[in-house]
Amino acid sequence: MAELFYEDDADLSIIQGRKVAVIGYGSQGHAHALSLRDSGADVRVGLKPESKSRAKAEEAGLRVVTPAEAAAEADVIMILVPDPIQADVYEADIAPHLKAGDALFFGHGLNIRYGFIKPPADVDVCMVAPKGPGHLVRRQYEEGRGVPAIVAVEQDASGKAFDLALSYAKGLGATKAGVIKTTFTEETETDLFGEQAVLCGGTAALVKAGFETLVEAGYQPEIAYFECLHELKLIVDLMYEGGLEKMRWSVSETAEWGDYVTGPRIITDATKAEMKKVLAEIQDGTFANTWIAEYKAGLPKYNEYKTADENHLLETTGKKLRSLMSWVDEKA
Ligand code: NDP
Ligand code: MG
Ligand code: MG
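The shown structure was predicted, so the numbers you read here are calculated from the model rather than taken from an experiment.

Draft legend 1. Structural view of the packing of helix α10 (residues 184-199) against helix α14 (residues 269-283). The contact between α10 and α14 brings their axes to 10 Å, and the two run at 140°. Considering their axes alone, α10 and α14 lie oblique with respect to each other. Handedness of the α10/α14 crossing: right-handed. Of the residues in α14, those touching α10 at Glu 189, Leu 192, Phe 193, Gln 196 and Ala 197 are Met 275, Val 278, Leu 279, Ile 282 and Gln 283.

Draft legend 2. Helix α8 (residues 161-171), seen in detail. Across the eleven residues of α8, nine count as buried, placing the element largely inside the fold. Taken together, the buried positions of α8 are Ala 161, Leu 164, Ala 165, Leu 166, Ser 167, Tyr 168, Ala 169, Lys 170 and Gly 171.

Draft legend 3. Local environment of the UniProt feature "binding site: NADP(+)" (unreviewed entry) in the protein. Taking the numbering used here, the UniProt-annotated feature "binding site: NADP(+)" (unreviewed entry) corresponds to Tyr 25, Gly 26, Ser 27, Gln 28, Lys 48, Ser 51, Ser 53 and Gly 134. If we skip the residues at most four places from it in the chain, Tyr 25 touches His 30, Ala 33, Val 45, Leu 47, Ser 53, Lys 56 and Ala 57. Locating Gly 26 in the fold gives a position in the loop between β2 (19-23) and α2 (27-38). Residues contacting Gly 26, with those up to four places away along its chain left out, are Ser 53 and Leu 80.

Draft legend 4. Fine view of the pairing of strand β8 (residues 149-155). Where burial is concerned, most of β8 is hidden: five out of the seven residues are buried. Sheet topology note: the strand β7 (residues 124-130)/β8 ladder contains six bridges and is antiparallel. Across the sheet, Met 127 pairs through a bridge with Ala 152, a residue of β8. Pairing of β8 with strand β9 (residues 179-181) involves three bridges; the strand directions are parallel. Among the inter-strand pairings, Ile 150 is bridged to a residue of β9, identified as Ile 180.

Draft legend 5. Seen up close, the pairing of β7. In terms of burial, β7 is a largely internal element, seven of the seven residues being buried. Every second residue of β7 is oriented toward a common face, with Asp 124, Cys 126, Val 128 and Pro 130 on one face and Val 125, Met 127 and Ala 129 on the other, all of them buried. In this structure, strand β6 (residues 103-106) lies alongside β7, joined through four bridges in parallel fashion. Within β7, the position partnered with Phe 106 by the bridge is Met 127.

Basis of the calculations
- Residues numbered from 1 in each chain as written.
- Chains lettered and ligands numbered in written order.
- Predicted model: local features only at pLDDT ≥ 70, side-chain atom pairs only at ≥ 80, totals over all residues.
- Axes fitted to C-alpha atoms, helices over the stretch in contact; angles between N-to-C directions.
- Helix = DSSP H or I, 4+ residues; strand = E, 2+ residues; numbered from the N terminus.
- Parallel < 35°, antiparallel > 145°, perpendicular 65-115°, else oblique.
- Left-handed = near helix turned anticlockwise from the far one by under 90°.
- Contact = placed C-beta atoms within 7 Å.
- Buried ≥ 20, exposed ≤ 12 C-beta atoms within 10 Å, placed from the backbone.
- UniProt positions renumbered as here; feature names shortened; annotations may be inferred.
- Pairing = 2+ DSSP bridges.

Take a look at the structure:
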């Protein structure tokens, strides 16, 4: 059984007594910096002088210094720059300023799990990974709620690293929703698998294949878009609220019958065998190494895939239809 932690299990005064550096001010960085500050922690943001995020952080009333200055001042350093550049930022700006007793924090375990970052033995190494996009993490905090988080300790130099990590999570509002104890290995491997096989990769491929099948058979792209993409949200909302059971309770009996007999013809034993291969490539580091190499080469294939999908009929059809639905806000 998972170990769960809530408000009373975490002591906010621990993080309030530390000097926190949040390196990066993107999706997660802004949420962590603002919510920890509002929770009474002493926060500074580390950004390069030319950073585009600098003005936003300053407008929000945060003190912004360089990543190296932030790391030097602070004793809790949270690295929230993109995963492929974390090792470079760590080497250049953080490692030279790490002192015994400091704590190095991550929002995702990739760089520790695959050994791209190797911290010294005398610092705590912790992870607080909110299970939601950064903008939602911040919005939920402002509404007095929280996005759940998973928390891990890779290295416990102080003997108190877990309490520190829980305190940090409380500062984000996460203990209101629930915090689960994990390891860097479990978080990294399940996170990469989930986004590849189910959430992003699997779902996008399923939607595209369904849309293409209908359009190639001569049906109108607009109908195919509503059927294969738009309605997916309504179905997923029901699953989110009450699992597969609530979804099946709400859809027609015809849809439920089709679910039982056709689902396993689409996601077959071959699909599951491929999922196991995907998982093995995550576990043995193949995926991480390929991704870092692609990033360092200037993202040639990434940009190719991106452009191809931007021009896909699914996307151009969706843009047109969404612009006619006033309540669907692309910018929100
Ligand atoms: P973003 O891409 O949103 O944030 C990038 C930030 O890093 C920007 O402020 C950027 O500044 C800054 N940055 C880029 N290069 C440097 C540098 N060399 N030195 C200092 N700052 C730099 O990142 P995310 O928030 O998406 O991801 C951060 C971490 O959180 C990752 O480990 C990710 O896996 C994890 N995570 C992310 C989630 C999410 O919701 N996105 C969910 C859970 C975990 P600028 O470009 O202005 O210079
Ligand atoms: Mg994830
Ligand atoms: Mg992820």
